[in-house]
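Spelled out, the chains give:
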Amino acid sequence: MGTSSVSCVPQREKTARFLPEECRDKTEGGEAFTVEPAPSAEQITNWYAIWTRSHSEQLVADQLLGKGLDVFLPKMSIWSRRGGVRHVIQVPMFSGYVFLHEEVTKTTYIEVYKARGVVRILGSRWDRLFPISYAEIDTLQRLVATRLNVVSHPYLQEGQRVRITDGPLKDVEGLLIQNKEKKGLLVVSVELLRRSVAVQIDCSYVVPA
């Protein structure tokens, strides 16, 4: 997240002229006047989901990056067999979707739609888009950074929600599915897409959320 700083004007009388009326009395005795930092651009800009045509996720992401837009395309590793040989390839975690982190104006909306492979941005119209939770995107970004073995998983609405207490995913929350002693799958979901991914974890380091 970005940080903001506040510059101080040495001449106190000049500063007071621009302060709200209710704040001026607090500074006339020489006491310090504290100003809360304004929210950063990253904090006030929403995440959105772009629905793409089949196998067009990377094509769409590359085009939007070329337009200077902030795009996130999380991927996971899977085994693939070609010519009788098995090898690992990278595929999108959520097939058919790319995430956009922008303050979407009508101009931005049109630019996104111009990209080949785009179906639409999820929402009813350009100024009524469906935002995605910051926590969900942050969790996906951390999953990508850990390089743990992430696999596709059916979307779940029921299950025990847990928080990891230690390790590279500390404080990440998700749904826990136990499959054998002390081991389990942590299911992370994007509610808007109704899609999930899962990563195997040590159940010794989870607590109810």
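This is a predicted model, so every value here is computed, not measured. (Residues numbered from 1 in each chain as written. Predicted model: local features only at pLDDT ≥ 70, side-chain atom pairs only at ≥ 80, totals over all residues. Heavy atoms only, no water.)

Asks: Quick rundown of the overall build of the protein chain? Include the residues and the values.
Replies: The helix and strand tally for the protein chain stands at six helices and 12 strands. The buried share among the 209 residues of the protein chain stands at 35%. Nonlocal contacts in the protein chain, meaning residues at least 24 apart in sequence, comprise 62% of its contacts between residues at least 6 apart. Accessible surface computed for the protein chain: about 13,300 Å², of which carbon and sulfur atoms make up 50%. (Helix = DSSP H or I, 4+ residues; strand = E, 2+ residues; numbered from the N terminus. Buried < 20%, exposed > 50% of the residue type's maximum accessible area, 1.4 Å probe, protein only. Contact = heavy atoms within 4.5 Å. Areas by Shrake-Rupley, 256 points an atom, 1.4 Å probe, with all protein chains shown as cover.)

Asks: Explain the sheet that holds strand S5 (residues 97–101) to me, and be specific about the residues and the numbers.
Replies: If you walk across this open sheet you meet the four strands as S2-S5-S1-S6, and the pairing is antiparallel. Of all the strands in the sheet, just strand S2 (71–72) and strand S6 (118–121) have a single pairing partner and so form its edges. (Pairing = 2+ DSSP bridges.)

Asks: Tell me what's going on with the pattern of salt bridges, and back it up with residues and numbers.
Replies: Opposite charge on two side chains makes pairing possible when the charged atoms of those side chains draw close. The full count for this structure, using the stated rule, is five salt bridges. In this structure, Lys 114 and Glu 111 form a salt bridge, with 3.2 Å as the shortest nitrogen-oxygen distance. On the criterion of helical spacing, the pair formed by Lys 114 and Glu 111 is a turn pair, its members being three residues apart in helix H5 (residues 106–114). Several salt bridges converge on common partners, so that one network encompasses Lys 67, Glu 111 and Lys 114. (Salt bridge = Lys/Arg side-chain N within 4 Å of Asp/Glu carboxyl O.)

Asks: Quick one: what's the story with unusual backbone geometry, residue by residue and with numbers?
Replies: The phi torsion at Arg 147 lies on the positive side, around 60 degrees, for a residue other than glycine. If you trace the backbone, Arg 147 turns up in the loop between helix H6 (134–146) and strand S7 (150–153). Of note, Arg 194 is a non-glycine position whose phi angle comes to about 55 degrees, a positive value. Mapping Arg 194 onto the fold places it in the loop between strand S10 (183–190) and strand S11 (195–202). Given the relative accessible area of 48%, Arg 194 is considered partly exposed.

None of the figures reported here should be taken as evidence of function without further support.
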